[in-house]
Amino acid sequence: MGRGFILFEIVFLGTSASAPSIQRGLTSQVVLHGEHRFLIDAGEGTQRQILQSGLGFKRLDRILVTHGHLDHILGLGGLISTFVRWEAMDKILIAAGQSALDRIQDLIFGVVLKGKYPPVEITLLPLEEGRVFTERDFTVQAFPVSHRTPDCYGFVFEEIARRPFLPEQAEALEIPPGPWRGELVNGCRVELPDGRTIDPEQVLGEEVPGTRLVHVGDAGRTDNLLEVARGADTLVIEATYLEAEKDLAEQFGHLTAQQAGQLALDAGVGGLILTHISRRYREDQILEEAQQVFPQVYVARDFDHFQVKRGECLKV
Ligand SMILES: [Zn+2]
Ligand SMILES: [Zn+2]
């Protein structure tokens with residue numbers, strides 16, 4: 001897959017803060033990369049949102065949790081109950097900070113399974129800062145986030161940096177079509193049928209950093225997010241309050257739309273998507289406040305689908 005292709009996609013399943021509204025379910029979203037899918041958070045009602053989104057449950061076996069507040073985890077009870085009864089899934093992995101994981105353990109093993117041995121393998125993975133998953137062409141990393149509960153994490157989905165293949169160089173060297181080009185892309189020296197040896201150096205350009213999607217759940221500060229968000233192609237972050245109620249935002253460990261916009265500006269991100277929207281405001285109030293600071297902003301709605309590309313995000 002070359003540059004400019006879609007590297008990551010994100011589908012919002014729920015975009016409301018604390019309690020659902022008529023229009024918005026509780027927090028949950030799916031990040032997709034080819035066949036890979038990651039569910040981030042599962043507020044109450046997530047199961048039905050998954051069905052309504054058309055994504056279905058298939059391959060939704062890796063769940064990342066930002067923190068242990070109930071509006072982000074209660075949906076795991078229903079979801080796991082369905083998974084263990086009906087779905088053809090042999091294992092489920094849930095990754096969260098330790099205190100969130102303790103609560104999730106109570107919910108799943110204490111309430112949902114209540115001592116029964118689960119028919120699928122359920123792994124609870126305690127998060128630490130650093131690499132969580134490594135796939136062939138991308139990684140998922142966790143980083144700490146400050147909110148009013150311990151062990152909160154955000155996630156970076158990042159394409160592994162690669163050196164692009166230069167077709168004009170290959171033409172100039174008269175490398176014939178065949179397996180040789182693929183091997184050169186993979187960094188292997190090849191011997192051509194005419195006996196010449198070609199080094200990858202001869203056909204590969206400068207290393208290009210990978211496309212990066214940074215996801216932050218609930219957060220009460222932005223200063224410690226600046227480095228991780230710097231240069232992200234897309235930043236997803238909460239915007240629970242407006243600047244007019246900044247003291248409430250501070251009191252409850254949340255951000256205002258302006259603070260989120262300011263972070264996006266300071267970090268030089270390609271696009272900003274705001275979520276975790278309070279029922280106390282209209283969507284356009286949140287949008288306008290953020291837009292005054294950072295123009296490339298969306299306020300996510302349930303079932304919104306975005307493509308993350310190099311330097312931008314597009315709503316589809
Ligand atoms: Zn929340
Ligand atoms: Zn919270």
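Higher on the page you've got the structure.
To keep things clear, this report deals only with the structure shown in the data block. Just so it is clear, the structure is predicted and the values come from calculations on it, not from any experiment. (Residues numbered from 1 in each chain as written. Chains lettered and ligands numbered in written order. Predicted model: local features only at pLDDT ≥ 70, side-chain atom pairs only at ≥ 80, totals over all residues. Heavy atoms only, no water.)

## A closer look at the overall build of the protein chain
Helices and strands together make up the secondary structure of the protein chain, namely 10 helices and 17 strands. Taking 2.2 N^0.38 as the reference for a compact globule, 316 residues should give roughly 20 Å; the C-alpha atoms of the protein chain span a radius of gyration of 22 Å, in line with that estimate. Viewed in the frame of its principal axes, the protein chain has a C-alpha envelope of about 70 × 55 × 30 Å. In the protein chain, 61% of the contacts between residues at least 6 apart in sequence involve partners at least 24 apart. Per element, the accessible surface of the protein chain, about 14,600 Å² overall, is 49% carbon and sulfur. (Helix = DSSP H or I, 4+ residues; strand = E, 2+ residues; numbered from the N terminus. Rg over C-alpha atoms; globule rule 2.2 N^0.38 Å. Contact = heavy atoms within 4.5 Å. Areas by Shrake-Rupley, 256 points an atom, 1.4 Å probe, with all protein chains shown as cover.)

## Section: the nonpolar core
By size, the foremost hydrophobic cluster in this structure holds 32 residues, and its most contacted members are Val 216, Leu 225, Leu 235, Ile 237, Leu 272, Leu 274 and Ile 286. If near-sequence neighbours (up to four positions away) are discounted, Ile 237 is found in contact with Val 216, Leu 225, Leu 255, Ala 260, Leu 263, Leu 272, Ile 273, Leu 274 and Thr 275. Residues Ile 50, Ile 80, Leu 101 and Ile 104 belong to the second largest nonpolar core, which totals 31 residues. (Core = buried A, V, L, I, M, F, W, Y, C linked by side-chain atoms within 4.5 Å. Buried < 20%, exposed > 50% of the residue type's maximum accessible area, 1.4 Å probe, protein only.)

## Concerning the environment of Gly 97
Along the polypeptide, Gly 97 turns up in the loop between β5 (91-96) and α4 (98-112). Overall, the relative accessible area of 1% leaves Gly 97 in the buried class. Distance in space between the C-alpha atoms of Gly 97 and His 67 is 6.7 Å, their sequence separation being 30 residues.

## Thoughts on helix α1 (residues 46-53)
Listed as buried for α1 are Thr 46, Gln 49 and Ile 50. What you see down the axis of α1 is that its buried residues fit within an arc of 105°, all on one side. Away from its buried face by more than 90 degrees, α1 exposes Arg 48 and Leu 51. Residues of α1 that are buried in the fold lie against β1 (8-14), β2 (28-33), β3 (36-42) and α3 (75-85). (Arc of directions from axis to C-beta.)

## Remarks on unusual backbone geometry
Of note in this structure, Asp 41 is not a glycine but carries a positive phi near 65°. Structurally, Asp 41 can be placed in strand β3. With a phi close to 55°, Asp 151 is a non-glycine residue in the positive phi region. Topologically, Asp 151 is positioned in the loop between β8 (138-145) and β9 (152-159). For Asp 151, a relative accessible area of 30% translates into the label partly exposed.

## Looking at the coordination of the zinc ion (ligand 2)
Reference values for angles at a metal are 109.5 degrees in the four-donor tetrahedral case and 90 or 180 degrees in the six-donor octahedral case. Taken together, the protein ligands of the zinc ion (ligand 2) are His 67 (NE2), His 69 (ND1), His 147 (NE2) and Asp 218 (OD), with distances of 2.2 to 2.3 Å. Metal-centred angles of 90 to 169° between the four donor atoms at the zinc ion (ligand 2) mark the site as irregular. Along the chain, the residues donating to the zinc ion (ligand 2) fall in the pattern H-x1-H-x77-H-x70-D. The two metals, the zinc ion (ligand 2) and the zinc ion (ligand 1), are separated by 3.5 Å and share Asp 218 as a common coordinating residue. Of the two residues, His 147 sits in the loop between β8 and β9 while Asp 218 sits in the loop between β12 (212-215) and α7 (226-229), which places them 71 residues apart along the sequence. Using a relative accessible area of 12% as the deciding quantity, one classes His 147 as buried. For Asp 218, a relative accessible area of 4% gives the class buried. (Donors = N, O, S within 2.8 Å, 3.2 Å for Na, K, Ca; no water. Tetrahedral: all angles 85-135°; square planar, octahedral: opposite > 155°, others 65-115°.)

## With respect to the packing of α3 against α4
The contact between α3 and α4 brings their axes to 10 Å, and the two run at 50°. Our classification of the angle between α3 and α4 gives oblique. The hand of the α3/α4 crossing is right-handed. On the side of α3, the interface is formed by Leu 76, Gly 77, Ile 80 and Ser 81, while α4 contributes Ile 104, Leu 107, Ile 108 and Val 112. Classifying every residue of the contact of α3 with α4 gives six nonpolar, two polar and no charged. (Axes fitted to C-alpha atoms, helices over the stretch in contact; angles between N-to-C directions. Parallel < 35°, antiparallel > 145°, perpendicular 65-115°, else oblique. Left-handed = near helix turned anticlockwise from the far one by under 90°. Nonpolar A, V, L, I, M, F, W, Y, C, P; charged D, E, K, R; others polar.)

## Topic: the pairing of strand β7 (residues 130-134)
Bridge count between β7 and β8: four bridges; the pairing is antiparallel. Following the sheet pairing, Phe 133 is matched in β8 by Val 140. Turn length for the β7-β8 hairpin, with the two strands adjacent in sequence and antiparallel, is three residues. (Pairing = 2+ DSSP bridges.)

## Describing α3
Counting along an α-helix, one turn takes 3.6 residues, and residues three or four places apart therefore face a common direction. α3 sits mainly inside the fold: nine of its 11 residues count as buried. Listed as buried for α3 are Gly 75, Leu 76, Gly 77, Leu 79, Ile 80, Ser 81, Thr 82, Phe 83 and Val 84.

## Examining the sheet that holds β12
Adjacent strands of a sheet pair through backbone hydrogen bonds, lying either parallel or antiparallel. Read across the open sheet, the seven strands follow the order β7-β8-β9-β12-β13-β14-β15; overall the sheet is mixed. Sheet topology places β7 and β15 (297-299) at the edges, where each strand pairs with a single neighbour. Sheet twist, expressed as the average angle between the axes of neighbouring strands with direction ignored, equals 20°. Two elements, strand β14 (residues 271-275) and β15, share three bridges in a ladder whose sense is parallel. Looking at the pairing, Ile 273 lines up with Tyr 298 of β15. The sheet strands contacting helix α9 (residues 257-267) are β13 (234-238) and β14, and the helix crosses β13 at an angle near 160°. The strands touched by helix α10 (residues 283-291) are β14 and β15; relative to β15, the strand with the most contacts, the crossing angle is about 160°.

By themselves these figures say nothing about function.
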